[in-house]
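Single-letter residue listing:
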Amino acid sequence: MTKDVPDELQIEREEGESKGRYLVRFAGAIAEMTYSRAGETMIIIDHTDVPDAMRGRSVGHALVRRAVEDARAEGRSIVPLCPFAKAQFSRHPEWQDVLKR
């Protein structure tokens, strides 16, 4: 079994009334990024976890990027409380349009 994550990640999204998460399942492991909803137009990213089997393969980046894409499509803004997500936003000025100030 290879440890390489496929180029086309299958990112799933689960959203409830007040919380949600994005996840990637690979090689029996799950990477996830969780968030809380703050009203209809804002989400707060509060946690990102990428198992060792997926580290170094941009899985965390892909999770944050998907949240940004969904926020744009849905007219939402993002508050990145999670240190990893916050660092990704600082590295990607093109994402500033969805960043809640």
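Only a predicted model underlies this, so the values are computations on that prediction, with no experimental measurement involved.

Quick question: what am I supposed to make of the pairing of strand β5 (residues 77-80) here?
Each regular strand shows side chains that alternate between the opposite faces of the sheet. With 4 bridges joining them, strand β4 (residues 42-49) and β5 adopt parallel strand pairing. When the bridges of β5 are listed, Ile44 appears paired with Val79. Handedness of the β4-helix α1 (residues 59-74)-β5 crossover: right-handed.

What should I look at first to understand the nonpolar core in this one?
Soluble globular proteins tend to bury their nonpolar side chains together. Ile45, Met54, Leu63, Ile78 and Phe89 are the most contacted members of the largest nonpolar core, which totals 26 residues. Listed by contribution, the elements that provide at least two residues to this core are β2 (19-26), β3 (29-37), β4, α1 and α2 (83-91). Here this core takes 7 residues from α1, the largest share from any one element.

So what exactly am I meant to see when it comes to the environment of Ile30 here?
For Ile30, the position within the fold is in strand β3. Once the C-alpha coordinates of Ile30 and Met54 are considered, the two residues, 24 residues apart in sequence, prove to be 8.9 Å apart.

I tried to follow the side chain of His61 on my own but got confused; where do I start?
By the secondary structure assignment, His61 is in helix α1. Within polar-contact distance, the side chain of His61 engages the side chain of His92 at 3.3 Å.

Any chance you could explain the sheet that holds β2 here in plain terms?
In a beta sheet, neighbouring strands are held together by backbone hydrogen bonds and run either parallel or antiparallel to one another. Here 5 strands make up an open sheet; going across it, the order is β1-β2-β3-β4-β5 and the pairing mixed. Edge positions in the sheet fall to β1 (11-15) and β5, since each of these pairs with one other strand and no more. Strand-to-strand twist in this sheet, taken as the mean axis angle between neighbours without regard to direction, amounts to 25°. With 8 bridges joining them, β2 and β3 adopt antiparallel strand pairing. Across the sheet, the residue bridging to Arg21 is Thr34, located in β3. Its contacts with the sheet place α1 against β1, β2, β3, β4 and β5, and it is angled at close to 135° to β2. Sheet strands in contact with α2 are β4 and β5, and its direction is about 120° off that of β5.

Parameters and conventions
- Residues numbered from 1 in each chain as written.
- Predicted model: local features only at pLDDT ≥ 70, side-chain atom pairs only at ≥ 80, totals over all residues.
- Heavy atoms only, no water.
- Pairing = 2+ DSSP bridges.
- Helix = DSSP H or I, 4+ residues; strand = E, 2+ residues; numbered from the N terminus.
- Right-handed = clockwise from strand over helix to strand, strands pointing away.
- Core = buried A, V, L, I, M, F, W, Y, C linked by side-chain atoms within 4.5 Å.
- Buried < 20%, exposed > 50% of the residue type's maximum accessible area, 1.4 Å probe, protein only.
- Polar contact = N/O pair within 3.5 Å; in protein donor to acceptor, adjacent residues only side chain to side chain.
- Axes fitted to C-alpha atoms, helices over the stretch in contact; angles between N-to-C directions.
- Contact = heavy atoms within 4.5 Å.

In short, shape yes, function no, at least from these values alone.
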